[in-house]
Structures are given as C-alpha cells and as structure tokens.
Amino acid sequence: MLCFIHIEKAAGTSFHEILKQHIPDYLILKPHPRHGADFSPKQLKLLLFYFPEIKGVGGHRLRPYLNYESAINKEIEYITILRSPIDRYLSHYFHHINNGISNMSLNQFIEIPYFNNFMCRKICGEPSANLAIKLINQKKIKILFLEDISGFEKKNSGISSNNYSVVKESNYAKLKACNMEDLKLYEYFKKRGSDYDYFKNVIIGNTDKKISKMNNFKTRIIQEIFQRLFYQLSGRKPEQLTRGY
C-alpha cells in the first residue's frame, strides 16, 4: 500500500493528481476539523475495513512516525516530496496571507514554533533532522524533490518573483535560523540523491495506461462517504473541515 506524506507547499496537490492517475483506488485524506490533526492508525484501519480495495492514501494528516503497519497488518511504501526549506517556508507564509487564514507579519509567523523546521516535524514529529533521517532510513521512505518532477511549477502564492526574492533576501538570516533542521535534512538527501527512479519505474511505470475516469469517480464517492463519517463523529459542519488549509 502506498502512503504519500503530503508536506505543505511542496507540490503535493500536483502529485496527488499523478497518483490518482496511476494508483488504483488512491484516496486523498481531507483536512480534519482541528488544523494539523493526525490521521491515526485506528482511522486507517477503519477506512480499510469498509473499503479494502484502497491501494494508496495521501494527505497532510498522515504521519510516518505513527505505527500504521501494525494496525492494518500490511506493508506500507512511504513517499514524500522535499522542497528547498526557505522557499517552502515563505510559500507557506504567503499561502496564509493570501488565503485570509491570517494577517500576521512574517516576524510573527517566524515566532510560531509549529511552522519552524516544518518538514522534520511532519516526518518524525520533532524539529530534528537526525530523527527525521533515522526514521526515513528505517522505514525506507522514498524521497523526491520538487525539481525532480517535470511539470511541477514553483508558485509564490500570488506575489511576484521580484517581491518574493526581496522578502527572502532581506530576511534570510531569520529564515535560516528557524529552518536549520530542515536545511540539514534537505542537504543530507540532496547529497544522497532522490528516489526518482522508483517514482518513474514503479509508480508511473506500474500501469500501461492511466486509471480510468470511472475508477476515479468511484474513489471520489468513497472519499465523500468517509468524510461524512468524520463529520458525524466530530460534530462539526462540513465547511469547518477546510478552515485553515
């Protein structure tokens, strides 16, 4: 079973579309009522109990440091995409500003620990490159880079490239300081190299043709049913599930 760890602002939305076309019954896990909530092993077990045909899942809520394997008694193939940390961080900040999630200044954003060393936190649950590297090696998580995948476009969330560069250069020391562990993680795997061959030969090359529209329609129905189950369990209205994303 494939498990895509979608790190925010690292081309995950585009990658979902690729996976939907090449993985039968690939399911995108939508946001939870609480921003950043984990998708638990128990929830994955519940999903596969009702829909055992699912061959892959992906989303912001998946955490490779949770013991999914023991819950479902299946081998899981993890994959994620890393992006140059400071570019990813600024894109995350401007995503919040341009989508009305917050109106905080960059300095205020920097002061929030949750967003610092964000890639490490999503992988191992801690702002630690050493722990993230150890977990990636233990679970044999496949690593891709934003620039590995042709067709991915680097977006600056609605600001011009010139303004983006000015913000980056004028705040570079601060941005580097709050992303030191992510920089270590990124540089480590840049030296090691990506798993692009796995992506090309196993995921893309796994099917002679793209998944049918009917299959994707069926998966969307499953996704809707599962989402509504969580609406009922959470007591929240459907529109509240997307706030903060």
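Rules of the game
Each residue is numbered by its place in its chain's sequence as written, counting from 1. Local features in a predicted model are, by the rule used here, given only for residues with pLDDT of at least 70; side-chain atom pairs are given and counted only at 80 or more, and totals for whole chains, interfaces and linings are based on all residues. Note that water and hydrogens are dropped before the side-chain values are worked out from all heavy atoms of the structure. Note on method: axes are straight lines fitted to C-alpha atoms, helices fitted across the in-contact stretch only, with angles between N-to-C directions ranging 0 to 180 degrees. Strands are runs of DSSP state E lasting at least two residues, helices are runs of H or I lasting at least four, and both sets are numbered from the N terminus onward. Should any heavy atoms of two residues lie within 4.5 Å, those residues are considered in contact. Amino acids are sorted into nonpolar (Ala, Val, Leu, Ile, Met, Phe, Trp, Tyr, Cys and Pro), charged (Asp, Glu, Lys and Arg) and polar (every other residue, Gly among them). Burial here depends on accessible area, computed with a 1.4 Å probe over protein chains only, as a share of the maximum for the residue type. Under 20% is buried, over 50% is exposed, and the range in between is partly exposed. Here, strands pair whenever DSSP counts at least two bridges between them. We define the nonpolar core as a collection of buried residues of types Ala, Val, Leu, Ile, Met, Phe, Trp, Tyr and Cys that are connected through side-chain atoms lying within 4.5 Å of one another. Salt-bridge detection follows one rule: a side-chain nitrogen of Lys or Arg within 4 Å of a carboxyl oxygen of Asp or Glu.

So, about the packing of helix H1 (residues 12-22) against helix H11 (residues 196-204). Closest axis-to-axis distance for the H1/H11 pair is 10 Å, and the angle between their directions is 35°. Residue-level inspection shows Phe-15, Ile-18, Leu-19 and His-22 of H1 in contact with H11, the latter providing Phe-199, Ile-203 and Ile-204. Residues belonging to the contact of H1 with H11 are distributed by class as follows: six nonpolar, one polar and no charged.

Here the focus is the pairing of strand E5 (residues 142-145). In E5, alternate side chains face the same way, and those of Lys-142 and Leu-144 on one face and Ile-143 and Phe-145 on the other are all buried. Inspection of the sheet shows strand E4 (residues 77-82) paired to E5 by four bridges, in the parallel sense. From the neighbouring strand, Leu-82 faces E5, where its bridge partner is Phe-145.

For Lys-74, the position within the fold is in the loop between helix H3 (68-72) and E4. Classification of Lys-74 by relative accessible area gives partly exposed; the value is 36%. Considering only alpha carbons, one finds Lys-74 and Met-1, 73 residues apart in sequence, at a separation of 7.3 Å.

With that settled, the discussion passes to the nonpolar core. Generally speaking, a soluble globular protein has its nonpolar side chains buried in company with each other. Judged by nonpolar contacts, the single largest core of 35 residues is most densely connected at Val-57, Leu-62, Tyr-68, Leu-82, Ile-123, Leu-185 and Phe-189. Residue assignment for this core shows that the elements contributing at least two residues are strand E1 (2-5), helix H2 (41-50), H3, E4, helix H6 (118-124), helix H7 (129-139), E5 and helix H10 (180-192). Discounting chain neighbours no more than four positions away, the residues touching Leu-185 are Leu-82, Met-119, Cys-120, Ile-123, Ala-129, Ala-132, Ile-133 and Ile-136. In terms of nonpolar packing, the next biggest core, distinct from the first, is built from 16 residues, Ala-10, Ile-18, Tyr-198 and Ile-203 among them.

Turning our attention to the pattern of salt bridges. Throughout the structure, instances matching the rule amount to nine salt bridges. A salt bridge links Lys-139 to Glu-69; its shortest N-O distance comes to 3.2 Å. Residue Lys-139 is located in helix H7, and its partner Glu-69 is located in helix H3; the two are separated by 70 residues in the primary sequence.

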